[in-house]
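Each chain is listed here by its residues.
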Amino acid sequence: MNLILGTGPLGMSVMRELIAREEPVTMVSLGGKATVPQGVRVERADLMDKDQAKKVIKGSKVIFQCSQPPYQKWDKMFIPFQDNIISGAVAAGAKLIAAENLYMYGLVKGSMHENLPYSATTKKGKIRAEMSQILKKLHQDGTLQVAMGRGADFFGPNVHNSAVGSRLFHSIRNGKACTVMGNPDRKHTYTFIEDFGKALVVLSQHDDAFGQVWHVPNADTVSTREFVDMAYQIAGFPPAIRTMGIGMLRLGGLFIPEAKESIEMLYQFQEDFTVDSNKFTKRFGIQATPLHDALEKTLLS
């Protein structure tokens, strides 16, 4: 059985890819509800509860870990959250596909590749580094078969909580000014959500993918301004970009915890942020969706 932890945009993307391959799918969410196609089961479980995690994972063969605690609670919750998933996976004898981001590398001059050291100095970057190291050691010890797929800030249909999520595309779709993080003229790799989901499924179906880190396929990196300009062009409107810096995030953080938590990660949008995904493409022969096509699909959703 394929078990997807999380019914957010990434979990849904994995689900669609598995269905396309005629694979059975069960999804897990805290509330136990999600809008899914016929034949897809949705189970309720609080993954912060070790017993509930073990119970819902029991009988699974492959687990796709696409869930996370609230952004502002990572420091207290994320490692125990992952530990409960690990316990369930080990007890079930299941393989684990862990969806990760790129925080653990810290500020990188040049392209990010899978062999970089974990040099994060931010709170959330250190948490991500520790979590990934735990998974690597478990695989090395023979305790758990695990593969890690890493994506950048993602976008696509029904992506909401992202630097380039639904709020940005709603403005573009309606010809209004949009707001972007940091310096829009810095290069920034963005991951199309459908490419991310497909990549995680591909990893699950190749034995040699386990025990390794993989950057999922991304289209050629452009500046955030070029990314947004292309979206406006597709929508048929002239570009109108506003920027959000540390001052606005601090102000927003007075009312929105997630905004406050984003401040330490702003460096990713103030400097070039380029991800190398050649390892995945060379091994599996899969290219990312061209940026124009991905933006078009997003705007039409």
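Predicted model only: the values in this text are computed from it and were never measured.

Draft legend 1. Up close: the sheet that holds strand β5 (residues 95–100). Judged by pairing direction, the sheet is parallel, and its seven strands sit side by side in the order β3-β2-β1-β4-β5-β7-β12 without closing on themselves. Lying at the two open borders of the sheet, with one neighbouring strand each, are β3 (41–44) and β12 (213–215). Ignoring which end each strand starts from, the neighbouring axes of this sheet average 20° apart. Sheet topology note: the β5/strand β7 (residues 146–150) ladder contains five bridges and is parallel. In the sheet register, L96 faces β7, and the bridge partner there is V146. Sheet contacts for helix α1 (residues 9–20): β1 (2–5), β2 (25–29), β4 (62–65) and β5; angle to β2, the most-contacted strand, approximately 170°.

Draft legend 2. Quick peek at the pattern of salt bridges. Counted under the stated rule, the structure contains twelve salt bridges. K109 is the partner of E271 in a salt bridge, and the nearest nitrogen-oxygen pair spans 3.8 Å. Residue E271 is found in the loop between α10 (267–270) and β15 (274–275), and its partner K109 is found in the loop between β5 and β6 (111–112); the two are separated by 162 residues along the sequence. For K109, a relative accessible area of 67% puts it in the exposed group. In this structure, K137 and D141 form a salt bridge, with 2.8 Å as the shortest nitrogen-oxygen distance. We classify D141 as partly exposed; its relative accessible area is 48%. Sharing partners across several salt bridges, the network here consists of K109, R186 and E271.

Draft legend 3. Focus on the UniProt feature "domain: NAD-dependent epimerase/dehydratase" (unreviewed entry) in the protein chain. Per the UniProt annotation, the sites labelled "domain: NAD-dependent epimerase/dehydratase" (unreviewed entry) are residues 6–209. Annotation note: span residues 6–209, helix share 38%, strand share 18%, distance between end C-alpha atoms 22 Å.

Draft legend 4. Seen up close, the pairing of β2. With five of five residues buried, β2 is to be regarded as a mostly interior element. In the sheet, β1 pairs with β2 via four bridges, with the strands oriented parallel. In the strand pairing of β2, L3 is matched with T26. Handedness of the β-α-β unit built from β1, α1 and β2 comes out right-handed. Alignment of β2 against β3, held across four bridges, turns out to be parallel. Counterpart to T26 in the pairing with β3 is R41.

Draft legend 5. Representation of the environment of Q233 within the structure. Relative to the elements of secondary structure, Q233 occurs in helix α7 (residues 224–235). What makes Q233 exposed here is its relative accessible area of 62%. C-alpha of Q233 to C-alpha of D272: the two residues are 39 residues apart in sequence and 24 Å apart in space.

Draft legend 6. Expanded view of the layout of surface pockets. Considered as a void within the structure, the second largest pocket measures approximately 230 Å³ in volume. Along the walls of the second largest pocket sit 16 residues, with N218, A219, D220, S277 and N278 positioned nearest its centre. Residue assignment for the lining of the second largest pocket shows that the elements contributing at least two residues are β15 and α11 (278–284). By residue class, the composition of the lining of the second largest pocket is five nonpolar, nine polar and two charged. If you count residues domain by domain, the lining of the second largest pocket takes at least three from each of domain 1 (2–153 + 192–218) and domain 2 (155–189 + 220–274 + 290–300).

Cut-off values and rules
- In this convention, every chain numbers its residues from 1, walking through the sequence in written order.
- At least 70 in pLDDT is required for a residue's local features to be given in this predicted model, at least 80 for side-chain atom pairs to be given and counted, and no such filter applies to totals for whole chains, interfaces and linings, which use all residues.
- With hydrogens and water set aside, each side-chain value is computed from the structure's full complement of heavy atoms.
- A pair of strands is considered paired only if DSSP assigns at least 2 bridges between the two.
- Put simply, DSSP H or I for four residues or longer makes a helix, DSSP E for two residues or longer makes a strand, and each gets a number counted from the N terminus.
- In this analysis, axes come from line fits to C-alpha atoms, helices being fitted only over the stretch in contact, and the angle between any two N-to-C directions falls in the range 0 to 180 degrees.
- The criterion used for residue contact is that any of the two residues' heavy atoms lie within 4.5 Å.
- For this analysis, a salt bridge means a side-chain nitrogen from Lys or Arg found within 4 Å of a carboxyl oxygen belonging to Asp or Glu.
- Using a 1.4 Å probe on the protein chains alone, a residue whose accessible area is under 20% of its type maximum counts as buried, one over 50% counts as exposed, and one in between counts as partly exposed.
- UniProt positions are given in the numbering used here, feature names are shortened, and annotations may be inferred rather than shown by experiment.
- Orient the strands so they point away from the viewer, and a crossover whose first-strand-to-second-strand path over the helix runs clockwise is right-handed.
- Site definitions follow a grid-based scheme: protein atoms alone, a 1 Å grid, a 1.4 Å probe that fits but cannot get out for cavities, and for pockets an open set with protein on both sides within 12 Å along at least five of seven lines, plus lining residues having an atom within 4 Å of a point.
- Grid points are joined across faces, edges and corners, and a volume is the space filled by probe spheres set on the points.
- When residue character is reported, Ala, Val, Leu, Ile, Met, Phe, Trp, Tyr, Cys and Pro are called nonpolar, Asp, Glu, Lys and Arg charged, and the others, Gly included, polar.
- Segmentation into domains, and thus their bounds, comes from an automatic or database assignment.

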